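Chain by chain, the residues:
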Amino acid sequence: MERMGESVERNKILNLAYGSNLNLGQMAYRCPTAKVYGKGMLLDYQLLFKGREDNAYATIEPKRGSKVPVLVWELQPEDEKALDYYEGYPRFYEKMEVELNLETGERITAMVYIMTDEVMERIQLNLPSRSYLETVRVGYARAGFDNKYIEAALDISRKEQDLRNRERRQVR
């Protein structure tokens, strides 16, 4: 995985979507010239929800043996600018380059937004809002992805919240 530089030259801007950017309607509105390029599994990463309580957002982190289903978008420069704004780049999400195989067998390098650890309230595991979670669920369904990845991420956040709640009660 490499950090994205400002001077990266490419014929195509390929972007991996694993959260709300899987939602075709949302992407059509935000990035009208973006096109679905393909689907694949990002290996050795796990899906997580991080942020404030009941207002967390999807991110991914390296984890050996895990995988995350992704939709690959082909972006125009104006689409990437729109996503940079939406994702809060570079403060909330940073851009990294990752390699993966598409379902077709094509090996690609693509840009992915990954939550930074710069803003403390953003790095805690928490549950997303109902509306955000529904946006992600719709994206998963339309892409044909198994909801088990979302459920696993929610379970991780619930366990973390339960642990924090127990710790708070013990302090009182």
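Our structure is the block above this text.
None of the values given here were measured: they were computed from a predicted structure.

On to the side chain of Glu-87. Along the polypeptide, Glu-87 turns up in helix α2 (residues 77–87). Despite its burial, Glu-87 pairs with no opposite charge, the nearest such side chain being Arg-30 at 5.4 Å. Not counting residues within four places of it along the chain, the set of residues in contact with Glu-87 comprises Asn-21, Phe-92, Tyr-93 and Tyr-113.

Running from N to C, helix α3 (residues 130–143) and helix α4 (residues 148–171) point in directions that differ by 150°, and their axes come no closer than 10 Å. With respect to α4, the axis of α3 lies roughly antiparallel. Between α3 and α4, the contacting residues are Leu-133, Val-136, Arg-137 and Tyr-140 on the first element and Tyr-149, Ile-150, Glu-151 and Leu-154 on the second. Broken down by class, the residue content of the contact of α3 with α4 amounts to six nonpolar, no polar and two charged.

With that out of the way, let us pick up the nonpolar core. Leu-16, Tyr-18, Leu-47, Phe-49 and Ile-60 are the most contacted members of the largest nonpolar core, which totals 46 residues. At the level of secondary structure, the elements contributing two or more residues to this core comprise β2 (13–17), β3 (35–52), β4 (55–75), β5 (93–101), β6 (107–115), α3 and α4. Among the elements that make up this core, the one with the highest residue count is β4 (nine residues). Not counting the four nearest positions on each side in its chain, Leu-47 is found in contact with Tyr-18, Ala-58, Thr-59, Ile-60, Val-68, Tyr-140, Tyr-149, Ile-150 and Ala-153.

Turning our eyes to something else, we now look at the pattern of salt bridges. Enumeration over the complete set of coordinates arrives at seven salt bridges. Glu-80 is paired through a salt bridge with Lys-95; the nearest N and O atoms lie 2.7 Å apart. Placement of Glu-80 in helix α2 and of Lys-95 in strand β5 is noted, with a sequence separation of 15 residues between them. Neither residue differs from the other here; Glu-80 and Lys-95 are each classed as buried. Residue Glu-99 pairs with Arg-107 through a salt bridge whose shortest N-O separation is 3.1 Å. Each of Glu-80, Asp-84 and Lys-95 takes part in a single network of salt bridges with overlapping partners.

Conventions and cut-offs
- Residues numbered from 1 in each chain as written.
- Predicted model: local features only at pLDDT ≥ 70, side-chain atom pairs only at ≥ 80, totals over all residues.
- Heavy atoms only, no water.
- Helix = DSSP H or I, 4+ residues; strand = E, 2+ residues; numbered from the N terminus.
- Buried < 20%, exposed > 50% of the residue type's maximum accessible area, 1.4 Å probe, protein only.
- Lys, Arg positive; Asp, Glu negative; His and termini not counted.
- Salt bridge = Lys/Arg side-chain N within 4 Å of Asp/Glu carboxyl O.
- Contact = heavy atoms within 4.5 Å.
- Axes fitted to C-alpha atoms, helices over the stretch in contact; angles between N-to-C directions.
- Parallel < 35°, antiparallel > 145°, perpendicular 65-115°, else oblique.
- Nonpolar A, V, L, I, M, F, W, Y, C, P; charged D, E, K, R; others polar.
- Core = buried A, V, L, I, M, F, W, Y, C linked by side-chain atoms within 4.5 Å.

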